Amino acid sequence: MAPNVSGVSVWRMESPLHLGGRKPWLPKPTGLTAAGVAAVGSSMATLLEIHPVDPQPRLVSQVVDVLLDGGLIAYPTDACYALGAVVGNQHAKERILAIRQLDERHDFTLVCRDFAQLGQFVRLSNPVFRAVKAATPGPYTFILPASPEVPRRLQHPRKRTVGVRIPEHRITQAILAELGEPLLSSSLLLPGEEEPMALGYEVREALDHLVELVIDGDATGCEPTTVVDFSAGSPEVVRVGSGDPARFS
């Protein structure tokens, strides 16, 4: 274990893929399984306040350091808070599944900086390209056939798809620019809860000891993204969220 920002202890990753006290929250009523407890962290989460309009480069660099050291973060987006890690962090993937009580069939999302980066990881026909590009950046997640650049462990085991999105949020965009690669991500919608949390200190209280760092950016949405499945070629809205689904009807 190596010390990091404000005393955070995280796991140093040997070679990150460049795709490549409060009680912690426990889900109701069953709690985490033994395997889930083993998958999550043990140190207290740091709450890092970053300016929502003009993110401080020094603080953004600290976030990226935590990510590259194998940490799991909770960060604000234009939709709602999300959990994020570098793509090569298999341990963080297992921790996300444990926190959200999901199975391996869950479609993880690659949060991308721009459309050029997004296009490296999914296969797009011309009509789908136009539809997705018109809706980005924004609060949409698109499920699309994965390209060979996406590790099979991140693809849906049967459909070989992956979720992708481009957020319209300055803190998230600053992190992605500094990191230079997508974030492996999942909406922070906890089991048994109907709505995601929208305030950084609430997220820190809920996830203390389960993540390394929580970003308080004072500006995030309170609904998950609208999820549109293009895996069959035509759009199917599988979750209505903060993005207007009418454009895909």
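Check the entry above for the structure.
The structure presented is a predicted model; accordingly, all values stated were derived computationally and were not measured.

The rules we used
- Residues numbered from 1 in each chain as written.
- Predicted model: local features only at pLDDT ≥ 70, side-chain atom pairs only at ≥ 80, totals over all residues.
- Heavy atoms only, no water.
- Helix = DSSP H or I, 4+ residues; strand = E, 2+ residues; numbered from the N terminus.
- Buried < 20%, exposed > 50% of the residue type's maximum accessible area, 1.4 Å probe, protein only.
- Areas by Shrake-Rupley, 256 points an atom, 1.4 Å probe, with all protein chains shown as cover.
- Core = buried A, V, L, I, M, F, W, Y, C linked by side-chain atoms within 4.5 Å.
- Expected span 1.5 Å × (residues − 1).
- Pairing = 2+ DSSP bridges.
- Phe/Tyr/Trp six-rings, centres within 6.5 Å; stacked < 30°, edge-to-face > 60°.
- Lys NZ or Arg CZ within 6 Å of the ring centre and 35° of its normal.

S.K.: Now, about the overall build of the protein: what can you tell me, with residues and values included?
M.R.: When its secondary structure is counted, the protein shows 7 helices and 12 strands. In the protein, which comprises 249 residues, the proportion classed as buried is 55%. As displayed, the protein has an accessible area near 11,200 Å², and 51% of this comes from carbon and sulfur atoms.

S.K.: So, the nonpolar core: which residues are in play, and what are the values?
M.R.: Counting 42 residues, the largest nonpolar core has L83, L110, F142 and L207 as the members making the most contacts within it. Taken together, the elements giving at least two residues each to this core come down to β5 (82–86), α3 (90–100), α4 (115–118), α5 (126–134), β7 (140–145), β8 (161–165) and α7 (200–207). Of all hydrophobic cores here, the second largest spans 20 residues; its members include V66, I73, V111 and L176.

S.K.: Residues and numbers for helix α2 (residues 57–68), please.
M.R.: Here α2 spans 16 Å end to end across 12 residues, near enough to the 16 Å set by a 1.5 Å rise per residue. G70, located one to two residues past α2, shows a positive phi value of around 90 degrees.

S.K.: Summarise the pairing of strand β12 (residues 236–239); cite the residues concerned and give the values.
M.R.: Pairing analysis gives 3 bridges linking strand β11 (residues 226–229) to β12, with the strands arranged antiparallel. The residue of β12 that forms the bridge with V228 is V237. A loop of 6 residues connects β11 with β12, the two strands running antiparallel in sequence, and G233 in this loop sits at a positive phi of about 105 degrees.

S.K.: So what's going on with the packing of aromatic side chains? Residues and values would help.
M.R.: Counted according to the given criterion, the structure contains 6 aromatic pairs. When the ring of F142 is compared with that of F230, the centres are 6.2 Å apart and the planes differ by 40 degrees; the resulting orientation is tilted. One end of the pair, F142, is in strand β7; the other, F230, is in the loop between β11 and β12, with 88 residues separating them in the sequence. In this structure, F142 and F230 share a single accessibility class: buried. The interplanar angle of 80 degrees and the centroid separation of 6.0 Å between the aromatic rings of F230 and F248 together place this pair among those described as edge-to-face. Here F230, found in the loop between β11 and β12, pairs with F248, found in the segment after β12; they are 18 residues apart in sequence, far enough to count as distant. Summarising the burial analysis for this pair, F230 and F248 share the class buried. Counting every residue linked through ring pairs, the aromatic cluster contains Y140, F142, F230 and F248. Across the ring face of F115, the terminal group of K133 is positioned such that the distance to the ring centre comes to 4.9 Å.

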